[in-house]
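So you can see what is in the structure, the chains are spelled out below.
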Amino acid sequence: MRRLLPTARSILIHSGQSAALIGAGLLAMAAAPLAPAATSTPRQEARPAAPQVTAVARPAGPVTRQIVFLAPLPGQAVNSPFGLRKLAIDAHARQHKGVDIAAPQGSTVHVTAEGVVVRIGFDPAGYGNFIEVRHPNGMSSIYGHLSRVDVASGMALTAGQRIGLVGSTGRSTGPHLHFEIRRNDAAVNPVKVVGRRFDIVVKAV
Ligand SMILES: [Zn+2]
């Protein structure tokens with residue numbers, strides 16, 4: 001800014017003040033029918049103070065997005081729940097680590113959420129043809145007794161993608177899907193996970 005002589009500065013200040021006073025007078029006149037002139041405040045004082053801007057080096061939070069877990073067989077009910085099976089003969093079979101969803105042979109099985117196929121296999125005494133998928137929230141899902149597997153290990157899957165068909169392979173008495181969800185290698189109730197949203201860290205800061 002150009003430096004001004006003290007006299008010039010004081011003139012500017014005075015003219016500024018008088019301009020403000022004129023402004024205040026005009027305001028008072030305008031407000032006169034509603035409020036007495038004495039209560040009106042000069043425009044300068046009524047103006048809100050500019051907020052103080054302070055630059056603070058605050059760490060940013062991680063960038064996240066959400067994924068939602070969907071039903072692998074939409075519209076089909078769970079026939080055998082997660083947990084204890086009172087009718088199971090042996091102790092090994094008593095603890096049901098997933099849910100059973102009955103559906104006609106050949107029904108399309110959808111992956112519950114986006115992820116990567118960890119492994120596929122055939123377990124004749126248990127899961128039959130099965131698929132295991134790892135999801136970005138750290139959980140994994142398993143699909144058993146399939147009649148057909150349509151994915152390979154290492155494949156990246158989008159949510160709801162077809163991965164295979166319902167069957168009755170392995171330890172099964174009729175066409176159904178055995179659907180399991182694991183977190184830290186421990187089975188969790190899929191009914192409590194399906195429909196839930198999870199925050200996925202896209203970029204850690
Ligand atoms: Zn089962």
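Attention in this report is confined to the structure presented alongside it.

The rules we used
Residues numbered from 1 in each chain as written. Predicted model: local features only at pLDDT ≥ 70, side-chain atom pairs only at ≥ 80, totals over all residues. Helix = DSSP H or I, 4+ residues; strand = E, 2+ residues; numbered from the N terminus. Buried ≥ 20, exposed ≤ 12 C-beta atoms within 10 Å, placed from the backbone. Contact = placed C-beta atoms within 7 Å. Pairing = 2+ DSSP bridges. Core = buried A, V, L, I, M, F, W, Y, C linked by C-beta atoms within 7 Å.

## Notes on the overall build of the protein chain
Next up, step 1: Within the protein chain one finds 4 helices and 15 strands.
Next up, step 2: For the protein chain, buried positions account for 21% of its 205 residues.
Next up, step 3: Taking all contacts inside the protein chain whose residues are at least 6 apart in sequence as the whole, residues at least 24 apart take part in 61%.

## So, the sheet that holds strand β10 (residues 148-149)
Whether parallel or antiparallel, the strands of a sheet pair through hydrogen bonds between backbone atoms.
Next up, step 1: With antiparallel pairing, 3 strands are arranged side by side in an open sheet as β6-β12-β10. Here the strands that pair on one side only, and so sit at the sheet edges, are β6 (108-110) and β10.

## Quick look at the pairing of strand β13 (residues 176-183)
Next up, step 1: For β13, the tally of buried residues reaches 6 of 8 residues, placing the bulk of the element in the interior.
Next up, step 2: Where strand β5 (residues 99-102) meets β13, 4 bridges bridge the pair, whose relative direction is antiparallel. Directly across from I101, in β13, lies its bridge partner L177.
Next up, step 3: Pairing of strand β9 (residues 139-146) with β13, which is carried by 6 bridges, proceeds in the antiparallel orientation. Looking across to β13, one finds that G144 is bridged to H178.
Next up, step 4: With 3 bridges connecting them, β13 and strand β14 (residues 186-188) associate as antiparallel partners. Considered in β14, the bridge of I181 is made with V188.
Next up, step 5: Here β13 folds back onto β14 in antiparallel fashion, the turn holding 2 residues, of which N184 has a positive phi close to 55 degrees.

## Some thoughts on the nonpolar core
Next up, step 1: V109, F130, I131, Y143, L146 and L177 are the most contacted members of the largest nonpolar core, which totals 23 residues.
Next up, step 2: When residues no more than four places from it in sequence are discounted, the contact partners of L146 are V109, G128, N129, F130, I131, G164, L165, V166, G167 and T169.

## Thoughts on the environment of L70
Next up, step 1: For L70, the position within the fold is in the loop between β1 (63-68) and β2 (78-80).
Next up, step 2: Between the C-alpha atoms of L70 and V111, which are 41 residues apart in sequence, the distance is 7.8 Å.
Next up, step 3: Those residues in contact with L70 that sit more than four places away from it in its chain are H110, T112, A113, A159, G160 and V194.

## Considering unusual backbone geometry
Next up, step 1: Positive phi outside glycine occurs at N184, with the angle close to 55 degrees.
Next up, step 2: Checked against the element boundaries, N184 lands in the loop between β13 and β14.
Next up, step 3: By C-beta crowding, N184 is classed as exposed, having 8 other C-beta atoms within 10 Å.
Next up, step 4: Positive phi is not limited to glycine here, since D185 has a value of about 65 degrees.
Next up, step 5: Looking at where D185 falls in the secondary structure, it is placed in the loop between β13 and β14.
Next up, step 6: Of the residues examined, D185 has 6 C-beta atoms within 10 Å and is grouped as exposed.

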